[in-house]
Amino acid sequence: MYSDIKAAVMGSINMDIILSAEKLPDIGENVLGSEYSYACGGKGANQAIGLSRLGARTRMIGKVADDVNGNRLISNLSENKVDISGVSKKGSSTGLAAILIDGKGRNRIIVYESANAEIVPEEAASFITDELDMLLVQFETKEEVVIKCVNTAKEKGLITVVDCGPAKNFCLEKMQGITIITPNENETEALTGIFPEDEETALKASEILFGRSKPKFVVLKLGARGCSVFDGENIHFLPSYPTEVRDTTAAGDSFTAALALEYKRSGSILKACDFANRAGSIAVSRVGAENSMPTAREIISFI
Ligand code: RIB
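Residues numbered from 1 in each chain as written. Predicted model: local features only at pLDDT ≥ 70, side-chain atom pairs only at ≥ 80, totals over all residues. Heavy atoms only, no water.

Asks: Can you break down the side chain of Asn76 residue by residue, with the values?
Replies: Among the structural elements, Asn76 can be located in helix H2 (residues 68-79). Setting aside residues no more than four positions away along its own chain, Asn76 makes contact with Cys40, Ile49 and Glu290. (Helix = DSSP H or I, 4+ residues; strand = E, 2+ residues; numbered from the N terminus. Contact = heavy atoms within 4.5 Å.)

This is how it looks when you write it as structure tokens:
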């Protein structure tokens, strides 16, 4: 379905330590956990694996260290058929994320950037080549690297998809004319000062994002409410697919990968948003980051 599409992702690659507890500790509090695991993650790597699992030919651009975690993460990308020619092993240490999950599947994440913060803009941009169809980026690497890569991709005529995680007030003005910008609720608030709690605030926030970066589409990820899409004139709301929430980690990554591919395939942003809503619902029903990424067949048959 997506095997003709050639995608690149520039972004973070992390080893995730996942710890679950019914209730997460308050400051100074010590609680007993119910389970823990190590898993391959990082917003960039999750999205690359998401794209690859959906069938796209995918290149990862990023940095790890030549250490145990870095080597494990690179092997994992390869095992998932991701082209790792754009991943440098010259970082000082590999990125790490501590993910705490409560009894309702909600998470809190601390990321130690490390190698992800050492990516050199020109080096990363050199892997964004003419034969690619699209570039996906997130905000878990340095701002100047994201800007350089997005503008390089735009010059080459690629579709550019900007996932705005983690929440920060990024300089969107330096990336004019991207194809899709897609923040979640907290990221929207960090970028616009408005939490999209209802249709009116979602529209206001979308207008601000549109004004700041002049994208083709602003797609807000609205959690259990689904998503909205704004094209500069009209806003549409698309509901999510109800499911049992086990872990929300990487649901946004899964959404972004599905959104990008279905937009490229169908040319319809509404079809792409519906497809992405399905992918996000499947991801929250599974524990882990990249483990949550569905295949195209799973998304199509998901109701
Ligand atoms: O989006 C989920 C990801 O955020 C995790 O895999 C973790 O590494 C953090 O980067």
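This is not the end of the story, as more comes after the structure.
Asks: Got a sec to walk through the nonpolar core? Specific residues and values, please.
Replies: Val219, Leu259 and Ile269 are the most contacted members of the largest nonpolar core, which totals 48 residues. Not counting chain neighbours up to four residues away, the residues in contact with Ile269 comprise Ile180, Phe217, Val219, Val229, Leu259 and Tyr263. By size, the runner-up hydrophobic cluster in this structure holds 31 residues, among which are Phe139, Cys164, Ile181 and Leu209. (Core = buried A, V, L, I, M, F, W, Y, C linked by side-chain atoms within 4.5 Å. Buried < 20%, exposed > 50% of the residue type's maximum accessible area, 1.4 Å probe, protein only.)

Asks: Go over the site of the ligand, please, and point to the residues and values.
Replies: In the region of the ligand, 13 residues are neighbours, and Asp16, Gly42, Lys43, Glu140 and Asp253 sit closest. Coverage of the ligand by the protein chains reaches 97% of its 280 Å² of free accessible surface. Elements represented by at least two residues in the shell around the ligand include exactly strand S2 (14-20), helix H1 (43-53) and strand S6 (95-101). Counted by class, the shell around the ligand contains 4 nonpolar, 5 polar and 4 charged residues. (Near = heavy atom within 4 Å. Areas by Shrake-Rupley, 256 points an atom, 1.4 Å probe, with all protein chains shown as cover. Nonpolar A, V, L, I, M, F, W, Y, C, P; charged D, E, K, R; others polar.)

Asks: Kindly report on the pattern of salt bridges, identifying the contributing residues and their values.
Replies: Pairing is possible between side chains that carry opposite charge, provided their charged atoms lie close to one another. Applying the stated criterion across every chain, the model contains 15 salt bridges. Residue Lys23 is joined to Asp26 by a salt bridge in which the shortest nitrogen-to-oxygen separation is 3.6 Å. Given the relative accessible area of 42%, Lys23 is considered partly exposed. Between Asp133 and Lys264 there is a salt bridge, and its shortest N-O distance comes to 4.0 Å. Remark: Lys264 occurs in helix H7 (residues 251-266) and Asp133 occurs in the loop between helix H3 (121-125) and strand S8 (134-137); sequence separation between them is 131 residues. (Salt bridge = Lys/Arg side-chain N within 4 Å of Asp/Glu carboxyl O.)

Asks: Explain the pairing of strand S13 (residues 235-238) to me, using residue names and the numbers behind them.
Replies: Here strand S12 (residues 227-230) pairs with S13 via 4 bridges, running antiparallel. By the bridge assignment, Val229 is partnered in S13 with His236. In this structure, the hairpin formed by S12 and S13 is closed by a connection of 4 residues, where Gly232 is found at a positive phi of approximately 100°. (Pairing = 2+ DSSP bridges.)

Asks: Give a description of the sheet that holds S2 that names residues and reports values.
Replies: The mixed open sheet is built from 4 strands, whose spatial order is S3-S2-S6-S7. The sheet is open, and its two borders are formed by strand S3 (35-41) and strand S7 (107-112), each paired with just one other strand. Across the sheet, the axes of successive neighbouring strands diverge by a mean angle of 20°, strand direction being ignored. By the bridge criterion, 6 bridges tie S6 to S7 in an arrangement that is antiparallel. For Leu100, the partnering residue across the bridge sits in S7 and is Arg108. (Axes fitted to C-alpha atoms, helices over the stretch in contact; angles between N-to-C directions.)

Asks: Which residues make up a nonpolar patch on the surface, and what values go with them?
Replies: Residues Leu19, Tyr36, Tyr38 and Leu100 make up a contiguous nonpolar surface patch of roughly 440 Å² in combined accessible area. Checked against the element boundaries, Leu100 lands in strand S6. Residue class for Leu100 comes out partly exposed when judged on its relative accessible area of 31%. (Patch = residues over 30% accessible without salt bridge, like charges linked within 9 Å, V, L, I, M, F, W, Y side chains within 5 Å.)

Asks: Could you give me a rundown of the sheet that holds strand S10 (residues 180-182), with the residues and numbers involved?
Replies: Adjacent strands of a sheet form backbone hydrogen bonds with each other and so pair up, either parallel or antiparallel. Across the sheet, 9 strands lie side by side as S5-S4-S1-S8-S9-S10-S11-S12-S13; this open sheet has mixed pairing. Every interior strand has two partners, whereas the edge strands, strand S5 (82-88) and S13, have only one. This sheet shows a mean twist of 15° between the axes of neighbouring strands, independent of strand direction. In this structure, strand S1 (residues 6-10) lies alongside S8, joined through 4 bridges in parallel fashion. Paired with Met10 across the strands is Val137, a residue of S8. Along the sheet, helix H6 (residues 199-213) contacts S10, strand S11 (217-221), S12 and S13; its crossing angle with S11, the most-contacted strand, is approximately 135°.

Asks: Go over the environment of Ala115 with me, naming the residues and quoting the values.
Replies: Looking at where Ala115 falls in the secondary structure, it is placed in the loop between S7 and H3. Since its relative accessible area comes to 0%, Ala115 is described here as buried.

Asks: Describe H2, listing the residues and the values that go with them.
Replies: Along its 12 residues, H2 runs 16 Å from first to last C-alpha, staying within 8% of the 16 Å computed at 1.5 Å per residue. Taken as a whole, H2 has its buried residues at Gly70, Leu73, Ile74, Asn76 and Leu77. Each buried residue of H2 lies within a common arc of 160° when the element is viewed along its axis, so the set occupies one face. Exposed side of H2, more than 90 degrees from the buried face: Val68 and Glu79 are the residues found there. Against the buried residues of H2 lie S2, S3, H1, strand S4 (57-63) and S5. (Expected span 1.5 Å × (residues − 1). Arc of directions from axis to C-beta.)

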